[in-house]
Amino acid sequence: MPKITFIEHDGTVHTVEAEIGSTVMETAQRNDVTSIVAECGGSCTCATCVVHVDEKWSPVVGPPSAEEEDMLDFAFEVKPTSRLACQIKVTEALDGLVVYTPAYQGR
Amino acid sequence: MSEAIKTDVVIIGAGPVGLFAVFQLGLLDIKTHLVDILDKVGGQCAELYPEKPIYDIPAVPLITGHGLTEALMEQIKPFHPTFHLGEMVTTIEHLDAQNFRVTTDGGKVFETKAVVIAAGGGSFQPKRPPIAGIEPYENKSVHYAVRKMDAFRDKNLLIVGGGDSALDWTLNLQPVAKRLTLVHRRDDFRGAPANVGKMRALVAAGSMDLKIGQVCELEGAGGQLTGAHIKAADGTISRVEVDAMLPFFGLTMKLGPVANWGFDLKDELIPVDTGTFETSKPGLFAIGDINTYPGKMKLILSGFHEAALMAQRAHHYVHPEKRLVFQYTTSSTNLQKKLGVK
Ligand SMILES: Cc1cc2nc3c(=O)[nH]c(=O)nc-3n(C[C@H](O)[C@H](O)[C@H](O)COP(=O)(O)OP(=O)(O)OC[C@H]3O[C@@H](n4cnc5c(N)ncnc54)[C@H](O)[C@@H]3O)c2cc1C
Ligand code: FES
């Protein structure tokens, strides 16, 4: 199973196994990464699941869709590599992925 | 305080479950007033996912959040509920065995025989930007809503966001403000294309400023803003003169006043009896996403079921003298008369 590392704002590191086909948001929730709120349960309508993808990994993960980009307007401190974790599907290619989670998700 | 509005039941929250409660109560001759902090009905379905599909409404294979709201409004029409939108219920007081007083932040007062709390995930409130030191400015020179346009006359105004609210207020306030600056994190706008065009024309004519970036620092004292620093994508920082700022980052649900109504909340939810959906306080009911009980599922269909059972119990409080007879809408001429089909 691919491994994903979440680095929280306060430095807490979670390296966890992710199921292929699930999302990075679901992986975070299953592993108690509480800085990912995911108020809308993954339907790309709340922007409370923001992650900043590690710059090395950003090209692998790819850019947000137009719908996701619109939702990112409701997030804060958005960076060029920011994504909504519920919109990133876990694949074999993401084994080793590193993402940073923000201090505040808007609630 | 204005004169009290007298009614049978006040429903707090006009989400799908609050709306369906009107139907179930209406069949039992119970009149309703609904209050919602949003300026529209439909709760989460209308605010969070109007265009998204719902697949698990019984006998409706597919309907959007907006479609479900419209259909519920059509279904409850015969009962003529009264809506009080854009108002938040702040207090519920028990007057005597048969009466409650419900008040809103807009100064409305209701006297009612029962209260149905259908407050979902809580009241929708604007997201607050995480700019360090923003709190002292809030409601003084940082505002999340526009109550009176005149409050912004001849001011240096900073509007933040890229959606419809940000664009609407940009267009409305530009003529009033001394100078208006719109800040958005990217040079692309989600809002209605016609309004984007109008905003761009104003920028081209030199009548307002558009800055691409994010607000990173505020300047001012004693709650009064004087300036804001805006960080562009390349890291460069610029400063604008600001007397007032309006951030529009959408809404999030916060429990709000429900916390102060004296319930023994469990994880911010109101425990209820599953036979009646009454809370620990007689005459106060909780249905939909706001309640909890063993096996609770936060689904619209559960809320609909809860509304039906709640109405049976609420009938005791509203029409204590009348006996309830179980009837089908298919065959009861009495019910059909109420629905306006006979
Ligand atoms: C993206 C998304 C997809 C979903 N998909 C499905 C699905 O497929 N199927 C399904 O069954 N469910 C789905 N749900 C869940 C469903 O939307 C909720 O279960 C439903 O909206 C709950 O209805 P409600 O009326 O209890 O509360 P809400 O819809 O939350 O409405 C409550 C209303 O009460 C108002 N309110 C709260 N407090 C106050 C106050 N003090 N004063 C005034 N007004 C107040 C709020 O402003 C709000 O409008 C989904 C939810 C989301 C976010
Ligand atoms: S969980 Fe809501 S946008 Fe990702």
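About the cut-offs
- Residues numbered from 1 in each chain as written.
- Chains lettered and ligands numbered in written order.
- Predicted model: local features only at pLDDT ≥ 70, side-chain atom pairs only at ≥ 80, totals over all residues.
- Heavy atoms only, no water.
- Helix = DSSP H or I, 4+ residues; strand = E, 2+ residues; numbered from the N terminus.
- Rg over C-alpha atoms; globule rule 2.2 N^0.38 Å.
- Buried < 20%, exposed > 50% of the residue type's maximum accessible area, 1.4 Å probe, protein only.
- Contact = heavy atoms within 4.5 Å.
- Lys, Arg positive; Asp, Glu negative; His and termini not counted.
- Charge placed at Lys NZ, Arg CZ, Asp CG, Glu CD.
- Domains from an automatic or database assignment.
- 1 Å grid on protein atoms, 1.4 Å probe; cavity = no way out; pocket = protein on both sides within 12 Å on 5 of 7 lines; lining within 4 Å.
- Points joined across faces, edges and corners; volume = space filled by probe spheres on them.
- Nonpolar A, V, L, I, M, F, W, Y, C, P; charged D, E, K, R; others polar.
- Near = heavy atom within 4 Å.
- Areas by Shrake-Rupley, 256 points an atom, 1.4 Å probe, with all protein chains shown as cover.
- Pairing = 2+ DSSP bridges.
- Axes fitted to C-alpha atoms, helices over the stretch in contact; angles between N-to-C directions.
- Right-handed = clockwise from strand over helix to strand, strands pointing away.
- Left-handed = near helix turned anticlockwise from the far one by under 90°.
- Buried area = accessible area lost by both parts, 1.4 Å probe.
- Salt bridge = Lys/Arg side-chain N within 4 Å of Asp/Glu carboxyl O.

### Some points on the overall build of chain A
A count of helices and strands for chain A gives three helices and five strands. At 12 Å, chain A has a C-alpha radius of gyration in line with the 13 Å of a compact globule built from 107 residues. A principal-axis box enclosing the C-alpha atoms of chain A has dimensions of 30 × 25 × 25 Å. By residue count, 54% of the 107 residues in chain A fall in the buried class. Across chain A, contacts joining residues at least 24 apart in sequence account for 64% of those joining residues at least 6 apart. Chain A carries 7 positive and 17 negative side-chain charges, and their two centres are separated by 3 Å.

### Brief notes about the domain arrangement of chain B
Annotation of chain B at the domain level lists domain 1 (5–124 + 252–338) and domain 2 (128–249). Relative placement of domain 1 of chain B and domain 2 of chain B: their C-alpha centres are 37 Å apart.

### Here's the deal with the layout of surface pockets
One number sums up the size of the largest pocket: a volume of about 1,900 Å³. Lining the largest pocket we find 50 residues, and of these L38, E47, S165, G250 and L251 of chain B sit closest to its centre. Of all the secondary-structure elements, those providing two or more residues to the lining of the largest pocket are helix 3 (66–72) of chain A together with helix 2 (43–47), strand 9 (123–126), helix 4 (164–173) and strand 17 (251–254) of chain B. Here the element with the most residues in the lining of the largest pocket is helix 4 of chain B; it accounts for four residues. Residue composition of the lining of the largest pocket, grouped by class: 24 nonpolar, eight polar and 18 charged. When residues of the lining of the largest pocket are assigned to domains, at least three map to each of domain 1 (5–124 + 252–338) and domain 2 (128–249) of chain B.

### A word on the site of ligand 1
Neighbouring residues of ligand 1: 37 residues in total, closest S43 of chain A together with D36, Q44, Y49 and D56 of chain B. Chains contributing residues near ligand 1 are chains A and B. Protein contacts shield 92% of the accessible area of ligand 1, which totals 990 Å² for the unbound molecule. Sort the elements by how many residues they give to the shell around ligand 1 and helix 1 (residues 16–27) of chain B lands first, with three residues. Here the shell around ligand 1 is built from residues that sort into 20 nonpolar, twelve polar and five charged.

### What about the sheet that holds strand 3 (residues 50–53) of chain A?
Residue and element names in this part refer to chain A. A sheet is described by the order of its strands in space; here five strands give the open sequence 2-1-5-3-4, paired in mixed fashion. Each having just a single partner strand, strand 2 (13–17) and strand 4 (82–84) make up the two edges of the open sheet. Strand-to-strand, the axes of this sheet are offset by a mean angle of 35 degrees, without reference to chain direction. With three bridges joining them, strand 3 and strand 4 adopt antiparallel strand pairing. Looking at strand 4, one finds that H52 is bridged to S82.

### Thoughts on the sheet that holds strand 16 (residues 244–247) of chain B
Residue and element names in this part refer to chain B. Taken together, the four strands give an open sheet; going across it, the order is 12-11-10-16, and neighbouring strands pair in parallel fashion. Across the chains shown, the open sheet's two edge strands, defined by having one partner strand only, are strand 12 (209–212) and strand 16. Across this sheet, the average inter-strand angle for adjacent strands is 20 degrees, counted without regard to direction. When strand 10 (residues 156–160) meets strand 11 (residues 179–184), the two strands line up parallel, connected through five bridges. Residue pairing in the sheet places V160 in a bridge with V183 of strand 11.

### Structural notes on the pairing of strand 10 of chain B
Consecutive residues of a regular strand have side chains that alternate between opposite faces of the sheet. Residue and element names in this part refer to chain B. Counting buried residues in strand 10 gives five out of five residues, a clear majority hidden from the surface. Alternating positions in strand 10 separate into two faces, N156, L158 and V160 on one and L157 and I159 on the other, with burial throughout. Between the parallel elements strand 10 and strand 11, the chain passes through helix 4 in a crossover that is right-handed.

### Observations regarding the packing of helix 1 of chain B against helix 6 (residues 300–318) of chain B
Residues and elements named next belong to chain B. Close contact between helix 1 and helix 6 brings their axes to 8 Å; oriented N to C, the two are set at 35 degrees. The two elements helix 1 and helix 6 cross, and the hand of that crossing is right-handed. The segment helix 1 lies against helix 6, with P16, V17, F20, A21, Q24 and L25 engaging I300, G303, F304, A307, A308, M310, A311 and A314. When its residues are assigned to classes, the contact of helix 1 with helix 6 shows twelve nonpolar, two polar and no charged.

### Brief notes about the interface of chain B and chain A
Between chain B and chain A, the contact holds 17 residues from the first and 20 residues from the second. For the chain B and chain A pair, buried surface summed over both sides reaches about 1,800 Å², with 47% attributable to carbon and sulfur atoms. Considering only the surface of chain B that becomes buried against chain A, K127, R185 and R190 of chain B emerge as the three largest contributors, covering 32% of it. Here D73 of chain A ties to R190 of chain B by a salt bridge, and the two come within 2.9 Å at their closest N and O atoms. In terms of residue class, the side of chain B that touches chain A is made up of seven nonpolar, four polar and six charged.

### A word on the side chain of E138 of chain B
Residues and elements named next belong to chain B. Along the chain, E138 turns up in the loop between strand 9 and strand 10. A relative accessible area of 15% means that E138 is categorised as buried. Those residues in contact with E138, other than ones at most four positions away along the chain, are R128 and Y144.

### Comments concerning the environment of L171 of chain B
Residues and elements named next belong to chain B. Here L171 shows up in helix 4. L171 sits in the buried class, given a relative accessible area of 19%. With residues near it in sequence (within four places) discarded, L171 still touches N195, K198, M199 and L202.

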